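Results of the structural survey
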Amino acid sequence: MFGLFGKNEEKTNNKCDLKFLCWQCEMSAPGGCGSHGENKGVCGKTSTKSRLQDMMIYGLKGLSAYREHADELINDLGDEEAKKILKEIDDVIAKTLYFTLTNVNFNFDEHIAQLMKVGNAGVKVMNLLSEAHTKALGIPTPIEVTQNKAEGKCILISGHNLDMLEKLLKRIEERGLSDKINVYTHSEMLPAHGYPHLKKFKNLKGNIGKAWFDQTDVFSKWNGTCVVNTNCIVPPEKSKKVQNYIDRLYTYKITGIEGAKKIENDNFDPLIDHTLELPDIEGFDSDEKLVTGHHYKTVLDAYGAKVLDAIKEGKLKRVWVIAGCDAPGKKRDYFRELALAIPKNHIIITSSCGKFRFNDVDFGTVPGTDIPRYIDLGQCNDSNGAVHIALAVANALGVEDVNDLPVSIALMWMEQKAIIILLALLSLGIKDIIIGPNAPQFADDAMVDFLVENFNFGVISGDIHKDFGKELAS
C-alpha cells in the first residue's frame, strides 16, 4: 500500500504482519482468525472484506458522535422533520452493524456500496447538525478572538458540545454571576465565539491553547476549573500530568476518565461553586488574536458573488481545503508549510482542530478584493460547509462536475470522525483527496487500489512541492 501512496520506510519496517484479526464468533480459529498470518477466516471472510467491515465500524463511530450532538439539539428544538432524518441515519447504523454479522455478506462491491451508505448518512448528519446549530444559536459571523489571555475566576471548556456551553452560560447568568465568572474555550470549542446566541454572553471571553492534545500542559497551568464535554480527553493512563488538574476537571455526559467529576443532569452548580472557590487565573496575558466564525452560510451570503467575480476576473485562482484532526508530532507541520506556501491569489478553507497548525497567521485578503484568504468554517462537523460552497460555486459557474473546479484538498486525520467525513466526501463523488500524515493502517492493497482507481486518492509524501507543485505554481 505504501508503494502506491509513496514510500514510508518507518511504517514499512514496523508494520504488523497480520492481514486481519477477527474473533467475533465461536468458530474463530485459536487466537482469532488471521492471528497466524492467514488471509481468510474460518467462515470464508477474506482479510480485505474484514478490513472493509472494520472501516464500516470506524465510520459508524464517527457517525454516532455527530448523531448524538444533533439529537440533543433537535429534541430541544422539537424539529419533527429533522427527527425523521435521524431515523434514516439510525436505520443505516443498524443495517451496517447487521452487515458485519458473521456469515451475512461476502460480496466486495456490496461492501463498497454499504460504505457509501454510511458516507451518505454522514452527509445527512453533518447537514442536520449544522442546521440545528444555526437554528438554536444563530448563524455565525466572523469575529476576532483573544488567544491565551484570561483573568478572574474562570472555566475552560474543551470538546465540541455548544449546547452544553450555552446551558452553562445561562446558569451562570441566572445566578447573577456573569461579572464574577469568565468562560473560555479550548480546541474545537473556538468556533463558539462566532454564534450570535453565544457571543451575547459578555463573560464568554476568549480562547486558550490550541488542539486537544495540549490540554495536559494548558490545564496544568490553568488554576481554574476545566470541562471536557466530548472527545478528545487525555486520561491519566496516557499522561501523569493529568494528576496536576484532576481535582479541577469535570466531564459531561458520555465523556469521562477516572478521578474527574461528572456534570449530572445539566446541574452546573457544583462546577460554578468550585470555580468561585479557586484563585484568579494567572499567567495568561498574551496579546495574540485568532479569527473564526466563517460558517458556510455566512461565506455564501457575504462573499458568494464576490468569489464568482474574482474567479471570472482571474483574481482568485484556486481554493484549498486544508483541514482535519490534529495530533502530536512534527509530521503535521507539513500542513502549516503548505498553508504558508499558497499563492496570494488562492484562499484556504479550513475546519476542525487541524487549523491550529496555521491559524495564528494573518493571511490577509485576495489582492484586489476584500475576500479573506483564511476561512474557518468551524468544528469538524462543519466540514460539510466546504461542499456547500463548492456546489454553489459550481452551479453558478455552470460547472457540472464539482471535481472540475480549481480546488485542492489536503486533509489530516486522527480518529473515527475523520473516517465518517472521508466517507461522506467519497459518497458525494469528491476526488483528488490527499490525506496525512500517514495512510490508514486498516487499509490493504485491494482497498487502496479501489480508492486510487475510482477517486485518485492519495497520502501526503511529506514534500508539499512533490504533492502539489503544479497547484502551488498556478
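In this report, the structure presented in the accompanying data block is examined.

What counts, and at which threshold
- Per chain, residues are indexed from 1 in the order of the written sequence.
- This being a predicted model, a pLDDT of at least 70 is required before a residue's local features are given, and a value of 80 or more before pairs of side-chain atoms are given or counted; all residues contribute to the totals for chains, interfaces and linings.
- Processing note: side-chain calculations cover all non-hydrogen atoms of the structure and skip hydrogens and water entirely.
- Secondary structure elements follow DSSP: runs of H or I no shorter than four residues count as helices, runs of E no shorter than two count as strands, and numbering proceeds from the N terminus.
- Each residue is placed in one exposure class: buried if its accessible area under a 1.4 Å probe, protein chains only, is under 20% of its type's maximum, exposed if it is over 50%, and partly exposed if it falls in between.
- A contact between two residues is defined here by any heavy atoms of the two lying within 4.5 Å.
- To be clear on the numbers: accessible area is Shrake-Rupley with a 1.4 Å probe, and residue cover counts the displayed protein chains and nothing else.
- Axes here mean lines fitted to C-alpha atoms, for a helix over just the part in contact, with angles spanning 0 to 180 degrees between N-to-C directions.
- An angle below 35 degrees is treated as roughly parallel, one above 145 as roughly antiparallel, one from 65 to 115 as roughly perpendicular, and anything else as oblique.
- Helix crossings fall into two classes, left-handed where the near helix is turned counterclockwise from the far one by less than a right angle and right-handed where it is turned clockwise.
- Aromatic rings from Phe, Tyr and Trp, with only the six-membered ring used for Trp, were paired whenever their centres fell within 6.5 Å, and each pair was classed as stacked if the ring planes differed by under 30 degrees, edge-to-face if by over 60, and tilted otherwise.
- Cavities and pockets are defined on a 1 Å grid built over the protein atoms alone: a cavity is a set of grid points where a 1.4 Å probe fits but cannot escape, while a pocket is an open set with protein on both sides within 12 Å along at least five of seven lines, and lining residues are those with an atom within 4 Å of any such point.
- Grid points are joined across faces, edges and corners, and a volume is the space filled by probe spheres set on the points.
- For this analysis, a polar contact is any N or O atom pair within 3.5 Å, provided that within protein one partner can donate a hydrogen and the other can accept it, and provided that sequence-adjacent residues contribute only side-chain to side-chain pairs.
- In this analysis, strands are considered paired if DSSP registers two or more bridges between them.
- The span one expects for a helix is its residue count, reduced by one, times 1.5 Å.
- The disulfide criterion is simple: two cysteine sulfur atoms within 2.5 Å.

**Some details on the overall build of the chain**
Secondary structure assignment for the chain yields 15 helices and 14 strands. For the C-alpha atoms alone, the extent of the chain along its principal axes is close to 65 × 60 × 50 Å. Counting the 474 residues in the chain, one finds 55% classified as buried. Put simply, 74% of the contacts in the chain that link residues at least 6 apart link residues at least 24 apart. Working note: accessible area of the chain is about 20,500 Å², and carbon and sulfur atoms make up 51% of it.

**Observations regarding the packing of helix H10 (residues 296–312) against helix H12 (residues 384–397)**
The axes of two packed helices give the description: the angle between them and the distance between them. The interhelical angle for the contact between H10 and H12, taken along N-to-C directions, is 40°, at an axis separation of 10 Å. In terms of axis orientation, H10 runs oblique to H12. In terms of crossing hand, the pair formed by H10 and H12 is right-handed. Across from Tyr296, Val299, Leu300, Val307, Leu308, Ile311 and Lys312 in H10, the residues of H12 making contact are Asn384, Gly385, His388, Ile389, Ala392, Val393, Ala396 and Leu397.

**Examining the packing of aromatic side chains**
All chains considered together, the criterion is met by 13 aromatic pairs. Relative to Trp222, the ring of Tyr184 lies with its centre 5.7 Å away and its plane at 70°, an arrangement referred to as edge-to-face. Pair noted here: Tyr184 is in strand E3 (residues 181–186) and Trp222 is in the loop between helix H8 (215–221) and strand E5 (225–228), with a separation of 38 residues, a long-range link. Residue classification places Trp222 among the buried residues on the basis of a relative accessible area of 0%. Ring geometry for Trp212 against Phe213: centres 5.6 Å apart, planes inclined by 85°, an arrangement best described as edge-to-face. Three or more aromatic residues joined by ring pairs form one cluster here, namely Tyr58, Trp413 and Phe442.

**Details of empty space enclosed by the protein**
All told, the structure shown has six cavities of 30 Å³ or more when counted by the stated rule. Along the walls of the second largest cavity sit 15 residues, with His160, Glu188, Trp212, Cys232 and Cys353 positioned nearest its centre.

**Topic: the side chain of Asp79**
By secondary structure assignment, the location of Asp79 is in the loop between helix H3 (47–77) and helix H4 (80–99). There is a polar contact of 3.0 Å between the side chain of Asp79 and the backbone nitrogen of Ala82. At a separation of 2.9 Å, a polar atom in the side chain of Asp79 contacts the side chain of Lys135. With residues near it in sequence (within four places) discarded, Asp79 still touches Ile74 and Lys135.

**Section: the sheet that holds strand E10 (residues 346–350)**
Strand order across the open sheet formed by six strands is E11-E10-E9-E12-E13-E14, with parallel pairing between neighbours. If you trace the sheet from one side to the other, it starts and ends with strand E11 (374–376) and strand E14 (458–459), each paired once. Relative to E11, E10 is paired through three bridges, and the arrangement is parallel. Within the sheet, the bridge partner assigned to Thr350 lies in E11 and is Asp376.

**A few points about helix H5 (residues 108–137)**
The terminal C-alpha atoms of H5, which comprises 30 residues, lie 43 Å apart, in line with the 44 Å expected from a rise of 1.5 Å per residue. The opening residue of H5, the one whose side-chain oxygen lies 3.0 Å from the backbone nitrogen of Asp109, is Asn107. One or two steps after H5, the chain reaches Gly138, where phi turns positive at roughly 90°.

**Some points on the environment of Lys317**
By the secondary structure assignment, Lys317 is in the loop between H10 and strand E9 (318–324). In contact with Lys317, not counting residues within four places along its chain, are Asn345, His346 and Pro406.

**Brief notes about the state of the cysteines**
If you walk through the whole model with that rule in mind, you get zero disulfides. The thiol of Cys353 is unpaired, and the distance to the nearest cysteine sulfur, on Cys325, comes to 5.8 Å. Counting only cysteine sulfurs, Cys325 is the nearest neighbor of Cys380, a cysteine outside any disulfide, at a range of 6.2 Å. A relative accessible area of 3% means that Cys380 is categorised as buried.

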